[in-house]
Structure formats: structure tokens, C-alpha cells
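Here's the letter readout for the chains.
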Amino acid sequence: MEGVEKEKLSDRATVDIMEMITIQHRFGPGDKLPNENELSEELGVSRTTLREAVNNLVSQNVLEKKRGKGTYVVDNNQLTDDLGFDNLNYMHIRLSDLYELRLMIEPQIAGIAATKATEQELADLYEYGRKIEEKDTPRDQVIEYNRRFHNAIAKATHNEFIIRLFHNINTAIVKEFNMEDSELMTNRDMIESHKMIMEYLRLRDSEGATQAMRLHLKYSVQDFKLDVL
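This is a predicted model, so every value here is computed, not measured.

**Examining the overall build of the protein**
- Scanning the protein from N- to C-terminus turns up nine helices and two strands.
- Listing each helix as α and each strand as β along the protein from the N terminus yields α-α-α-β-β-α-α-α-α-α-α.
- Contacts in the protein between residues at least 24 apart in sequence constitute 73% of all its contacts with a sequence separation of at least 6.
- Summed over all atoms, the accessible surface of the protein reaches about 12400 Å², with 49% contributed by carbon and sulfur.

Dropping the structure here:
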């Protein structure tokens, strides 16, 4: 059992590092990764598990180790091809349009996640949800944890196209929040609907997760007074 769990952690770390490169664009071709202590702490894994993840990515021609220098991202064009999604980050898109798009696709994303999420991915979701609920969490951190919560659901589909698309949609939403000076609501309806989403995901209930996400988004549309059908 320990070996299975260790393998899951290294797989998770492998995916997390890949997302830092291909989705978050934190590291590009030729960039050096943080040292083992920093990166293992950020990912919440041991240095041994991190080394296994790095070795996975070395074998996939994503990373390369340079003796005495560290670990670097390989100059591989396929890693930086964002399929045009990154353009969303430079467009001014109305918040109502973004939420209309979310209502079209995010309930289905939650339904897929209910059948594909790993136990670790569910644990991550619960942690983000718990931090959102805490009364003393600063507003900017609530926004960040909310972004991570919804991105984590997209990630749990294990569909790279969905993951990239939703990451950019969510980034655009955060930008519009800041531009329009919108106040992120954390009322009981939204918190309870978050809990409902997590419960249906835990139960692997695809239809329940779909409907819970739709309800959650409709609460947001109402609270932000958005003109969305």
C-alpha cells in the first residue's frame, strides 16, 4: 500500500510541475527550477518523491539535469504551445460573458471530474474549500483559493484541453474582478454550494456534481448582478 501511495504522490508532483510549465507559464524553455527544498515544500511532497517526479519528466524530454547546476526546462516547442488560449489573458472580456461561458461548460466539467478525480485531487479540493470558509482569510487569498478550487476541478478531468481552457478562463475572470472592482461574495449560499459540489464529487455522482456546480454558478450570477440568461 505504501508503494502505491508513493507512486500516486510522484505522479501528482509530475503533473503539478508540468502545469507550472505548460499552463501557468512560470518556467519556460531554458529556465531553472527552484532547488529541491523549495519545490518539494511548495508541492507538499518529500524530496525523494520530487526526485521521482523530476526523473519522470526527464524521461519525457521535459526537464534536463545539468551536473552541478540544477534542473532546467528543455527547449521543446510542444511544451509552450498554448493552442491560442493564452490570448484570453490579454483581452478585455465582460464578466457577464465569462460567467455565461462558465455556465455552459463548468457543470459538465464537474460531472466529468466526479468520475475521474483521484483521492488526492479530492483532498486538495477539500483543503481549498476549507480555507475559503475561514472567516479570517484575507480577500485576496479567498480569490486565489477560489481560483484554485475551480481549476482543481478542471484538473480532475485529466483532459489537457479542458485544463488549459479553464485555467485561462479563470485567469480572465480574476482580471475582470480586479478591473471592475467587484467584491467576491462568500455568503452562506455560495459556501454551502461549494460543500455540495465537494460531496457529490466524493460520492462519484456525476449528475449531482453537474447540478451542484450549476447552482453554485447561478448564486454567483445573482450576487454579482450579472446580465446572464
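That was the structure; now back to the text.
**Topic: the environment of Ser96**
- With respect to the helices, strands and loops of the structure, Ser96 is situated in helix α4 (residues 95-116).
- Through-space distance from the C-alpha of Ser96 to that of Lys225 is 8.9 Å; in sequence the pair is 129 residues apart.
- Beyond its immediate sequence surroundings of up to four residues, Ser96 is in contact with Leu226, Asp227 and Val228.

**Re the packing of aromatic side chains**
- In total, this model carries zero aromatic pairs according to the counting rule given.
- One Lys or Arg, Lys66, reaches over the ring of Tyr72 and ends 4.4 Å from the middle of that ring.

**Focus on the pairing of strand β1 (residues 63-66)**
- Examined bridge by bridge, β1 and strand β2 (residues 70-73) share four bridges and lie antiparallel to one another. Each bridged residue has a counterpart across the sheet, and for Leu63 the counterpart in β2 is Val73.
- In sequence, β1 turns back onto β2 through a hairpin of three residues, with Gly68 there showing a positive phi of about 75°.

**Side note on the packing of α4 against helix α9 (residues 206-223)**
- Where α4 meets α9, the closest approach of the two axes is 7 Å, and the angle between their N-to-C directions is 150°. Between α4 and α9, the angle is such that the two are roughly antiparallel. Between α4 and α9 lies a crossing of right-handed hand. Here Tyr99, Arg102, Leu103, Glu106, Pro107, Gln108, Ala110, Gly111, Ile112, Ala114 and Thr115 of α4 lie close against α9, whose contacting residues are Ser206, Ala209, Thr210, Met213, Arg214, Leu217, Lys218, Ser220 and Val221.
- Among the residues forming the contact of α4 with α9, the class breakdown is 10 nonpolar, six polar and four charged.

**Some remarks on the nonpolar core**
- Tyr99, Leu125, Phe149, Ile153, Ile197, Leu201 and Leu226 are the most contacted members of the largest nonpolar core, which has 36 residues in total.
- Mapped by element, the contributors of at least two residues to this core are α4, α5 (119-133), α6 (139-155), α7 (160-180), α8 (188-202) and α9.
- Looking at which element gives the most residues to this core, the answer is α4, with eight residues.
- Listed in part, the 16 residues of the second largest apolar core include Ala13, Ile17, Leu33 and Leu57.

**Brief notes about α8**
- Between the first and last C-alpha of α8 there are 21 Å, a value that for 15 residues agrees with the 21 Å anticipated at 1.5 Å per step.
- Along α8, the positions that sit buried rather than exposed are Met190, Ile191, Ser193, His194, Ile197, Met198 and Leu201. Buried residues of α8, seen end-on, are gathered within an arc of 165° and therefore sit on one face of the element.
- The inward-facing, buried residues of α8 contact α4, α5, α6 and α9.
- Positioned one or two residues after α8, Arg204 has a phi angle of 60°, which is positive.

Parameters at a glance
Residues numbered from 1 in each chain as written. Predicted model: local features only at pLDDT ≥ 70, side-chain atom pairs only at ≥ 80, totals over all residues. Heavy atoms only, no water. Helix = DSSP H or I, 4+ residues; strand = E, 2+ residues; numbered from the N terminus. Contact = heavy atoms within 4.5 Å. Areas by Shrake-Rupley, 256 points an atom, 1.4 Å probe, with all protein chains shown as cover. Phe/Tyr/Trp six-rings, centres within 6.5 Å; stacked < 30°, edge-to-face > 60°. Lys NZ or Arg CZ within 6 Å of the ring centre and 35° of its normal. Pairing = 2+ DSSP bridges. Axes fitted to C-alpha atoms, helices over the stretch in contact; angles between N-to-C directions. Parallel < 35°, antiparallel > 145°, perpendicular 65-115°, else oblique. Left-handed = near helix turned anticlockwise from the far one by under 90°. Nonpolar A, V, L, I, M, F, W, Y, C, P; charged D, E, K, R; others polar. Core = buried A, V, L, I, M, F, W, Y, C linked by side-chain atoms within 4.5 Å. Buried < 20%, exposed > 50% of the residue type's maximum accessible area, 1.4 Å probe, protein only. Expected span 1.5 Å × (residues − 1). Arc of directions from axis to C-beta.

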